[in-house]
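Observations on the model geometry
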Amino acid sequence: MDTGQVTEFLREHVALFKDFPEERLQELVAGSRTATFEQNEAVIEFGEEGRFLGVMLEGEAEASVSDDSGLRHRMGLLRPGDIFGENALMTGDKTTADVIGLTRCKALFIPQSLFSTVLITHPPAIKYLSRTISNRLRQAVQDGSARELAASAFKHSDDPYGLKLRTETPMKLLVVNCGSSSLKFNLFDTLDSARNARGMVERIGAAGTVLTCRTARGERRLELPPGAHGEAFAAMVDALTAGETAVLQAPGEVTAVGHRVVHGGEQYSHSVVVTDEVEREIEAAAALAPLHNPLNLAGIREARRVFPNAAQVAVFDTAFHQTLPPYAYLYGLPYDYYEKKKIRRYGFHGTSHRYVALKAAEFVKRPFNELEIVSCHLGNGASVCAIDHGRSVDTSMGLTPAAGLIMGTRCGDVDPGVLTYLMRSEAMGPDELDALINRESGLLGLSGVSNDMREIEDAAQRGEHRALLAFKSFCYQIRKYIGAYVAAMGGLDIVVFTGGIGQGGVGVRSLACQGLGYMGIRIDEARNQAAGKADTVCDIAAPDAPVRVLIVPCDEERMIARETIRALNRGYVTRIIRSQTPAPVTIEVSAHHIHLAPEHVEALFGPGHELTKAADLSQPGQYACKETVTLIGPKGRVERVRVLGPPRRETQVEVSMTEQFKLGIHPPIRQSGDLDGTPGLTLEGTDGRRVTIEKGVICALRHIHVPPEEALRLGLRDRDMVRVRVEGARELIFGDVLVRVKPDFRLVMHIDTDEANAANIRTGTLGYIDGIQSGR
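Below or above, wherever it landed, is the structure these notes cover. (Residues numbered from 1 in each chain as written. Predicted model: local features only at pLDDT ≥ 70, side-chain atom pairs only at ≥ 80, totals over all residues. Heavy atoms only, no water.)

Let's shift gears to the overall build of the protein. Per the secondary structure count, the protein includes 25 helices and 37 strands. For 776 residues, the compact-globule estimate of 2.2 N^0.38 gives 28 Å, and the protein sits close to it at 28 Å. Projected onto its principal axes, the C-alpha coordinates of the protein cover approximately 75 × 75 × 60 Å. Across the 776 residues in the protein, those meeting the buried criterion constitute 54%. Long-range pairs, those at least 24 residues apart, make up 68% of the contacts in the protein with a sequence separation of at least 6. (Helix = DSSP H or I, 4+ residues; strand = E, 2+ residues; numbered from the N terminus. Rg over C-alpha atoms; globule rule 2.2 N^0.38 Å. Buried < 20%, exposed > 50% of the residue type's maximum accessible area, 1.4 Å probe, protein only. Contact = heavy atoms within 4.5 Å.)

Before going further, it helps to examine the sheet that holds strand β5 (residues 72–78). With antiparallel pairing, the 4 strands of this open sheet are ordered in space as β2-β7-β4-β5. The open sheet has two free edges, formed respectively by β2 (42–44) and β5, since each of these has just one partner strand. Across the sheet, the mean angle from the axis of one strand to that of its neighbour is 35 degrees, orientation sign disregarded. Where strand β4 (residues 61–66) lies against strand β7 (residues 98–101), 4 bridges are found, and the strand directions are antiparallel. Paired with Ala63 across the strands is Val99, a residue of β7. (Pairing = 2+ DSSP bridges. Axes fitted to C-alpha atoms, helices over the stretch in contact; angles between N-to-C directions.)

Mapped onto the elements, Arg104 comes out in the loop between β7 and β8 (105–111). Arg104 sits 388 residues away from Leu492 along the chain, and the two C-alpha atoms are 50 Å apart. At 3.0 Å, the side chain of Arg104 and the side chain of Glu38 are in polar contact. (Polar contact = N/O pair within 3.5 Å; in protein donor to acceptor, adjacent residues only side chain to side chain.)

So, on to the packing of helix α17 (residues 465–489) against helix α19 (residues 506–513). Where α17 meets α19, the closest approach of the two axes is 8 Å, and the angle between their N-to-C directions is 50 degrees. Accordingly, the angle class assigned to the pair α17 and α19 is oblique. Handedness of the crossing formed by α17 with α19: right-handed. Listed contacts from α19 to Phe471, Lys472, Phe474, Cys475, Ile478, Arg479 and Ile482 of α17 are Gly507, Val508, Leu511 and Ala512. Partitioning the contact of α17 with α19 into residue classes produces 8 nonpolar, 1 polar and 2 charged. (Parallel < 35°, antiparallel > 145°, perpendicular 65-115°, else oblique. Left-handed = near helix turned anticlockwise from the far one by under 90°. Nonpolar A, V, L, I, M, F, W, Y, C, P; charged D, E, K, R; others polar.)

A few words on unusual backbone geometry. Note that the residue after Gly645, namely Pro646, is joined by a cis bond; omega there is 0 degrees. Relative to the helices and strands, Pro646 resides in the loop between β27 (637–645) and β28 (652–654). At Asp19, a position not held by glycine, the phi torsion is positive, near 65 degrees. Structurally, Asp19 can be placed in the loop between α1 (3–13) and α2 (22–30). Residue Asn760 is not a glycine yet carries a positive backbone phi of 60 degrees. Following the sequence through the fold, Asn760 ends up in the loop between α25 (753–759) and β37 (766–774).

Following both chains from N to C, one finds α1 and α2 inclined at 120 degrees, their axes separated by 10 Å at the closest point. When the axis of α1 is compared with that of α2, the two are oblique. Handedness of the α1/α2 crossing: right-handed. Every residue of α2 that contacts α1 at Thr3, Val6, Thr7, Leu10 and Arg11 is listed here: Glu22, Leu25, Gln26 and Val29. For the contact of α1 with α2, the class distribution of residues is 4 nonpolar, 3 polar and 2 charged.

This paragraph deals with the packing of aromatic side chains. Within this structure, the stated rule accounts for 9 aromatic pairs. Look at Tyr268 and Phe316: their rings are 4.8 Å apart centre to centre, the planes differ by 5 degrees, and that puts the pair in the stacked class. Linking Tyr268 in the loop between β14 (256–261) and β15 (272–273) with Phe316 in strand β16 (residues 311–316), this pair joins segments that are 48 residues apart in sequence. Relative to Tyr338, the ring of Tyr329 has its centre 5.8 Å away and its plane inclined at 45 degrees; by these criteria the two rings are tilted. Of the two residues, Tyr329 and Tyr338, neither departs from the other in class, the shared state being buried. Aromatic rings pair up to connect Phe52, Phe84 and Phe109 into one cluster. Taking the ring centre of Phe52 as reference, the NZ or CZ of Arg33 above it sits at 5.2 Å. (Phe/Tyr/Trp six-rings, centres within 6.5 Å; stacked < 30°, edge-to-face > 60°. Lys NZ or Arg CZ within 6 Å of the ring centre and 35° of its normal.)

With that out of the way, let us pick up the sheet that holds β15. Through backbone hydrogen bonds, the strands of a sheet pair up, either in parallel or in antiparallel fashion. With mixed pairing, 8 strands are arranged side by side in an open sheet as β13-β12-β11-β10-β9-β14-β16-β15. In the strand order of this sheet, the two ends are held by β13 (219–223) and β15, each with one partner. Of the pairings in the sheet, the one linking strand β9 (residues 172–178) to β14 comprises 4 bridges and is parallel in character. By the bridge assignment for β14, Leu173 is matched with Ala256. Together, β9, β10 (182–189), β11 (197–202), β12 (210–215) and β13 form the strand contacts of helix α7 (residues 229–241), whose direction differs from that of β10 by roughly 30 degrees.

Now for the nonpolar core. Membership of the largest hydrophobic core comes to 56 residues, with the highest contact counts inside it found for Leu10, Phe17, Ile704, Leu716, Phe734, Met749 and Ile769. In contact with Phe734, other than residues within four places in its own chain, are Arg702, Val722, Arg723, Val724, Val726, Met749, Ile751, Ala759 and Ile761. One finds Cys376, Val486, Val508 and Ile521 within the second-largest nonpolar core, a separate group that totals 47 residues. (Core = buried A, V, L, I, M, F, W, Y, C linked by side-chain atoms within 4.5 Å.)

Another aspect to go through is the side chain of Lys359. By the secondary structure assignment, Lys359 is in helix α12 (residues 350–364). A polar side-chain atom of Lys359 sits 3.1 Å from a polar atom in the side chain of Glu362. Those residues in contact with Lys359 that lie beyond four places of it in its chain are Leu163, Val537 and Val552.

Quick look at a nonpolar patch on the surface now. A contiguous nonpolar surface patch, about 290 Å² in accessible area, is contributed by Tyr331, Leu333 and Tyr337. Inspection of the secondary structure puts Tyr337 in helix α11 (residues 335–341). (Patch = residues over 30% accessible without salt bridge, like charges linked within 9 Å, V, L, I, M, F, W, Y side chains within 5 Å. Areas by Shrake-Rupley, 256 points an atom, 1.4 Å probe, with all protein chains shown as cover. Salt bridge = Lys/Arg side-chain N within 4 Å of Asp/Glu carboxyl O.)

In the structure shown here, the tally under the stated rule is 0 disulfides. No disulfide involves Cys475; its sulfur sits 9.7 Å from that of Cys513, the nearest cysteine. (Disulfide = S-S within 2.5 Å.)

Purely spatial values, then, with no claim about function.
Laid out in structure tokens, this is it:
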């Protein structure tokens, strides 16, 4: 079929495209691709990322899955005019079936971004597709297979977190890290990884400037005359477009440039497409990172000049840690210093910590947002991060990278009184203290030998006391932070070692984990020795240890490229949202409540008891019950907590921060149903009947229920995070609002009583989805 025939076929044989505007249908076909697949050939495989809507054009295929024995189970037939892949586009899950040809077939594959952009222009198509998706999701729930298939597809996926950089359409992504005297660069071709490139310009502005570049085709090393960053960019472009390292025909082929930016302040919790406003915010944050942000910004401005048609994306080291709760990021200083000067813990190495945590989750084949991970990034700069169910909840670096662990030349944690003492006794000024803290301390200052752990270990081996002391101090602090973060999260699944020392330090890994067996951390020393300087993910834990200890090589450049792709995807969704007439979102204030498992209903209210409906809630099928319970914690009680029905598989209690204090417990912020590692308490029902639950108390993540039709209209998927704008005398925006999409949902946002009181919001207040914040 040619383009005209495909367009006519869609109009005549696919109900979704009936009465579609001609020019938009032609646009859809022109931006899509057709694929021919043979009998018994899979055109979509179980566990793939859902990036396309498929339309059968010719032949007959089946959607099917294989069981553990290899027996194939057919889920449905696909004939000309049928669509497939729509559920994965909506849920964000991996594809839950193979699509295999029963005859020779041809299908059209419409990229999600193009489909969403075109679909919003034709409301009847939105209604048709939302009905189709809703019916299939309901059928999957009725079959009882949806949850199991989604979990199996996730485990089967060869790229569950998008780290292989596959995209709907081919992209060429340039990643840039601009320093004071160096320019590091990586080019990623999402269609052909053989055309990737990696290089660096060193000693910028000094004699001996040199460029190195490596590709699959060859290597280049070139001495350059002294120059500024503009000349370094020109040399990089030449290396990528000419000679034996050429992977581009011209600079205009670059789709986007991803930039490492050290500090995003409190403004940015994710990567963003650079605008003039973003540049101003990066410049404003330079006060917090004076040695880095101005150079990062210079790199952005130079890249905008050299690659004027490419999107520029800022990826912040601090962004991953913006999920730290206030009690973890505030210092014990007068609160005014935070409010007026933004003095707080920000944390760094966020790109590294997130990357290795995702790789660890991929390795153990478990969802990232179900794991408790301690990530140890150990190099000349070193930090530890506690990652609880996908969120950074604490990290060792602070306002600056000088806090936390002893590092190569940084002192790490030190009593502030030491600095005031030195100011008085040694007459040290700010510059001298800065040099002491950042360049003269750490492993170098303690050992008197070097800031290189390899040289320190050699010196310790020769019996040099200070080198041995530096080595033991470094490992002790790692061990101390691991233990502290296990306590902070209330559990642990994985310890990750990365960075030059983390990957290569056999002795460091061993000593850092010694004595932690009671926490489930036990290293197999033979595995640890054999791993040496690991260049692939490897598990060095004892086989029967409950906690996995992984060495994960870090690839920050790949992570920056991934975040660049995600920022571009979020950008197109935000443009879709803002192109639509905003639909008002009713905000409901969710007071404390409890969902009970069937066995706890009977235990609290008597054998055979069934919950009594008092009033329907906003979401169909859910209701408030006449029954209430009392919550009893270590410190106090909360009475008359309403039970919501119907019963659930597990008992779940949702309370506000104020009530946490009253009860004397510390539940995490979680989405509904995510209960592992949460605290329990005692429930008291009628006649003094009591049940003690070991887990189940959460502070619910603010969330918004979205019906499929509205999700399609706005280009949203289940589990995206959005911003919701609330108008009024004092306009405000709620960030980190979790999107949940289900067939019977009404468009409603839930916040807890503390959030409502702080924002002066009552049930019935209207908000508007303002843009997508994270996801994709």
